[in-house]
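# Coordinate inspection notes
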Amino acid sequence: MVTATTVQASPPVDWIKAPGATAELVPETMFAGRLALYRAGPPGATESVVLVHGLGKAAARDWAHVIPVLAQRYAVYAVDLPGFGYSDKGNHHYSPDNL
């Protein structure tokens, strides 16, 4: 039996209304999957802001209106946590108890 799977090369970035915004899937070792990592901001920014979403369905898109404003001055990083957004969703119980 052959099972076909679709592997996404990178998450969409069109929702980030900031010039030069990027998105990629990066390895995440705790749950053996990949996290969606979004970046925006001026080249050579010396200060960074990391945005972590809450428990809603929007994941990093919770920050859609905030990222463009912060990206005018800072290197901005946002993630889709494991099990959310475009990050991998393994068959795991996502809890601090499982660390």
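Structure shown above.
Let me begin by describing the structure that accompanies this report.

Thresholds, definitions, all that
Residues numbered from 1 in each chain as written. Predicted model: local features only at pLDDT ≥ 70, side-chain atom pairs only at ≥ 80, totals over all residues. Heavy atoms only, no water. Buried < 20%, exposed > 50% of the residue type's maximum accessible area, 1.4 Å probe, protein only. Helix = DSSP H or I, 4+ residues; strand = E, 2+ residues; numbered from the N terminus. Pairing = 2+ DSSP bridges. Core = buried A, V, L, I, M, F, W, Y, C linked by side-chain atoms within 4.5 Å. Contact = heavy atoms within 4.5 Å.

In terms of residue burial, strand β2 (residues 33-40) counts as a mostly covered element, since 6 of its 8 residues are buried. Pairing of strand β1 (residues 22-28) with β2 involves 7 bridges; the strand directions are antiparallel. Bridge pairing in β2 links L25 to A36. Two successive antiparallel strands, β1 and β2, enclose a turn made up of 4 residues, where A32 displays a positive phi of approximately 55 degrees. Where β2 and strand β4 (residues 75-80) come together, 5 bridges link them in antiparallel fashion. Within β4, the residue paired with Y38 across the bridge is A78.

Counting 16 residues, the largest nonpolar core has W15, I16, Y38, A40, L51, I67 and A78 as its most contacted members. Listing elements by their share of this core, those giving two or more residues are β1, β2, β3 (48-52) and β4. In terms of residue count, β2 provides more of this core than any other element does, 3 residues in total. For A78, the contacting residues outside a window of four places in its chain are A36, L37, Y38, L51, A60 and I67.

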